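Residue-level structure breakdown
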Amino acid sequence: MKDKKLRISPYPLPESTYDNLAKSLYEPLLMHENVVMVCPPLWGRDHNFRNLVERGPHDRQKILKKAARTLHFCSFDLLNGNKLEDELWLNKIISEGKEPVFLINLPESIPDDHLSHFLEQAQKIYYRAPNTIHFLLIMDMKWNEDEFFPLIAPFRSLFQNVIRPPYYTEREALHLIDYWLSRWNWQLPKNSRDWIAREAGGILLLGKAAARVAVKEQIKKIDDLRRQIPDHPDFTVQLRFFLSRLTERQQTILESIANDHRVENESEMKHLEAMGFLNRTSHGVQIRSFFVSNYLRKPTNSLKRLRTVLQKTNIFSEREKLVIVKLAELRGKILSRDALAHILWGDDYLDKFSDWALDQAVSRLRRKLADDPTFKSLRITTQKKYGFILL
């Protein structure tokens, strides 16, 4: 790769991502306020915390300018058993005309009672000099909102600015995939890398896991990726690991969406949408990650869901809809060229049939599938001389 920064970055995201994180975290200090960054599950909190600490002096000087001189930053990772400094230390810093700023990483494994105890201690320290002592906390949103807000309500002075970064964009996921492929000395065509980034839906864990399978199995072609990655045992382990970080209520909602069932809990859906895990489209609510959606979708419901979605769209002709459904019914088996021609042109297909006309019809259908976000995960592949398969 030409970009040398990719090779030295402690966590492989674009520089603009780290710049935006630093800006969100440090800017409220200009108003002498605390900040809490509440991250979605498996967002990469530990890695981003480390990066913020290492970049700290440069970022703070750029964002805070002259105000940075009056601030004394202390970074703590409670995973390593660090404890908040004592009163004598705080008094010394304040007497020197500095404002102490605690930048603290709260581990995802911290039990609720321990979290409450920590927040209570932090709030007591903050109340010693509310305009002088500041807290910047980075933590996981591992609770649903109905449980999360009552838990933190007694410590609202610490939660003056709550930042909720969503899952990542496809561009950021692609950056991570390119980074790891470079580290693993494996090249994938652009369409294969784009496919992994799209299917991951902003979940970096799944993008990296898919790239790892491609390297392990020596896969390069997009059709082979589609066939092997979703059911690969190494990949499904990562999928289950990710889903286990969601609450039972959130998992139920995602299963309902994946199987085209009605979801009653609109508030929790909005919470998942704020995390960047769901998208609202003209066809309703969708799970951004096709990896997750396909994993949760029950086989008996996939065909029903496809028919329902096709009925709501006017992108395809009625004949093209029949082709898509027939290919889906075959579940990866070949639809012969003659059978496809019969679906497209009816009983008179022999009069209209030609290899050129059939290939043109399939080419148009492929373009329509690729152009619509709802159907872009579907791909029609050609089995030379035999027919076509839907992946």
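Residues numbered from 1 in each chain as written. Predicted model: local features only at pLDDT ≥ 70, side-chain atom pairs only at ≥ 80, totals over all residues. Heavy atoms only, no water.

1. Focus: the overall build of the protein
Secondary structure summary: the protein contains 19 helices and ten strands in total. Nonlocal contacts in the protein, meaning residues at least 24 apart in sequence, comprise 70% of its contacts between residues at least 6 apart. Accessible surface for the protein amounts to roughly 19,800 Å². Of this, 50% is attributable to carbon and sulfur atoms. (Helix = DSSP H or I, 4+ residues; strand = E, 2+ residues; numbered from the N terminus. Contact = heavy atoms within 4.5 Å. Areas by Shrake-Rupley, 256 points an atom, 1.4 Å probe, with all protein chains shown as cover.)

2. Quick notes on the side chain of Arg55
Tracing the sequence through the fold places Arg55 in helix 3 (residues 45-64). At a separation of 2.8 Å, a polar atom in the side chain of Arg55 contacts the side chain of Glu15. In this view, Arg55 contacts Glu15, Tyr18 and Asp19; residues no more than four positions away in its chain are not counted. (Polar contact = N/O pair within 3.5 Å; in protein donor to acceptor, adjacent residues only side chain to side chain.)

3. Brief notes about the pairing of strand 3 (residues 99-105)
By the criterion of burial, strand 3 is predominantly enclosed, with seven of the seven residues buried. The two faces of strand 3 match: Glu99, Val101, Leu103 and Asn105 on one face and Pro100, Phe102 and Ile104 on the other face are all buried. One ladder, built from five bridges, connects strand 3 with strand 4 (residues 134-140); its direction is parallel. Looking across to strand 4, one finds that Val101 is bridged to His134. Chirality of the crossover, the property in question, places the unit of strand 3, helix 5 (residues 112-128) and strand 4 among those that are right-handed. (Buried < 20%, exposed > 50% of the residue type's maximum accessible area, 1.4 Å probe, protein only. Pairing = 2+ DSSP bridges. Right-handed = clockwise from strand over helix to strand, strands pointing away.)

4. Let's talk about the pattern of salt bridges
Once their charged atoms are close, side chains differing in charge can pair, the charge on each being opposite to the other. Applying the stated rule across the entire model yields 20 salt bridges. In this structure, Glu264 and Arg262 form a salt bridge, with 3.2 Å as the shortest nitrogen-oxygen distance. With relative accessibility at 69%, the residue Arg262 sits in the exposed group. In the salt-bridge network here, residues are joined through shared partners; they are Glu15, Asp19, Arg55, Asp59 and Lys62. (Salt bridge = Lys/Arg side-chain N within 4 Å of Asp/Glu carboxyl O.)

5. Re helix 5
Between its first and last C-alpha atoms helix 5 spans 25 Å; for 17 residues at 1.5 Å apiece the expected length is 24 Å, and the two agree. If you check which residues of helix 5 are buried, you get Leu115, Ser116, Phe118, Leu119, Ala122, Gln123, Ile125 and Tyr126. (Expected span 1.5 Å × (residues − 1).)

6. Thoughts on the side chain of Arg60
Locating Arg60 in the fold gives a position in helix 3. No salt bridge is formed by the buried Arg60; its nearest oppositely charged neighbour, Asp59, is found at 7.5 Å. (Lys, Arg positive; Asp, Glu negative; His and termini not counted.)

7. Examining the packing of aromatic side chains
In total, this model carries twelve aromatic pairs according to the counting rule given. Ring plane angle 15 degrees and centroid distance 4.8 Å describe the contact between Phe102 and Phe135, whose orientation is recorded as stacked. Placement of Phe102 in strand 3 and of Phe135 in strand 4 is noted, with a sequence separation of 33 residues between them. Both residues of the pair, Phe102 and Phe135, count as buried. Taken together, a centroid distance of 5.2 Å and an interplanar angle of 90 degrees make the contact between Tyr179 and Trp180 edge-to-face. Three or more aromatic residues link up through ring pairs in this structure, and these residues are Tyr167, Phe242 and Phe277. Directly above the ring of Trp180 sits Lys208, whose terminal nitrogen or CZ lies 3.7 Å from the centroid. One cation-aromatic arrangement involves Lys220 over Trp186; the distance from NZ or CZ to the ring centre is 4.8 Å. (Phe/Tyr/Trp six-rings, centres within 6.5 Å; stacked < 30°, edge-to-face > 60°. Lys NZ or Arg CZ within 6 Å of the ring centre and 35° of its normal.)

8. Quick word on the confidence of the model for the protein
Residues of the protein with pLDDT of at least 70 account for 92%, and the chain-wide mean is 85. Mean pLDDT across the elements of the protein ranges from a minimum in helix 1 (residues 5-8), with 44, to a maximum in helix 9 (residues 204-216), with 96. (pLDDT = per-residue confidence, 0-100.)

9. What about the sheet that holds strand 10 (residues 387-390)?
Spatially, three strands are ordered 8-10-9 in an open sheet, and the strand pairing comes out antiparallel. Lying at the two open borders of the sheet, with one neighbouring strand each, are strand 8 (335-336) and strand 9 (380-383). Against the sheet, helix 19 (residues 355-371) contacts strand 9 and strand 10, and its axis sits at roughly 150 degrees relative to strand 9. (Axes fitted to C-alpha atoms, helices over the stretch in contact; angles between N-to-C directions.)

10. Examining helix 3
Between the first and last C-alpha of helix 3 there are merely 23 Å, a value that for 20 residues lags more than 12% behind the 28 Å anticipated at 1.5 Å per step. Where helix 3 bends most, at Gly56, the angle is about 70 degrees, and the proline Pro57 comes one to four residues later. Among all positions of helix 3, only Arg45, Asn48, Phe49, Asn51, Leu52, Arg55, Gly56, Asp59, Arg60, Ile63 and Leu64 are buried. Looking one or two residues beyond helix 3, the residue adopting positive phi is Lys65, at roughly 55 degrees. (Bend = angle between axes of the 7 residues up to and from the residue.)

11. Looking at the environment of Thr236
By the element assignment, Thr236 lies in helix 11 (residues 233-244). Taking the C-alpha atoms as reference points, Thr236 and Asn51, 185 residues apart in sequence, are found 29 Å from one another. Residues within four places of Thr236 in sequence aside, it is in contact with Pro230, Asp231 and Tyr295.

12. Description of the packing of helix 16 (residues 318-329) against helix 17 (residues 337-345)
In contact at an axis separation of 8 Å, helix 16 and helix 17 are set at 145 degrees when each is read in the N-to-C sense. Once helix 16 is placed against helix 17, the crossing between them reads as right-handed. Facing helix 16, whose interface residues are Arg319, Leu322, Val323 and Lys326, helix 17 presents Leu340, His342, Ile343 and Leu344. Looking at the contact of helix 16 with helix 17 residue by residue, the classes come out as five nonpolar, one polar and two charged. (Left-handed = near helix turned anticlockwise from the far one by under 90°. Nonpolar A, V, L, I, M, F, W, Y, C, P; charged D, E, K, R; others polar.)

13. Notes on unusual backbone geometry
One non-glycine residue with positive phi stands out, namely His32, at about 60 degrees. Checked against the element boundaries, His32 lands in the loop between helix 2 (15-26) and strand 1 (35-39). Non-glycine residue Leu42 carries a positive phi angle of around 55 degrees. Topologically, Leu42 is positioned in the loop between strand 1 and helix 3.

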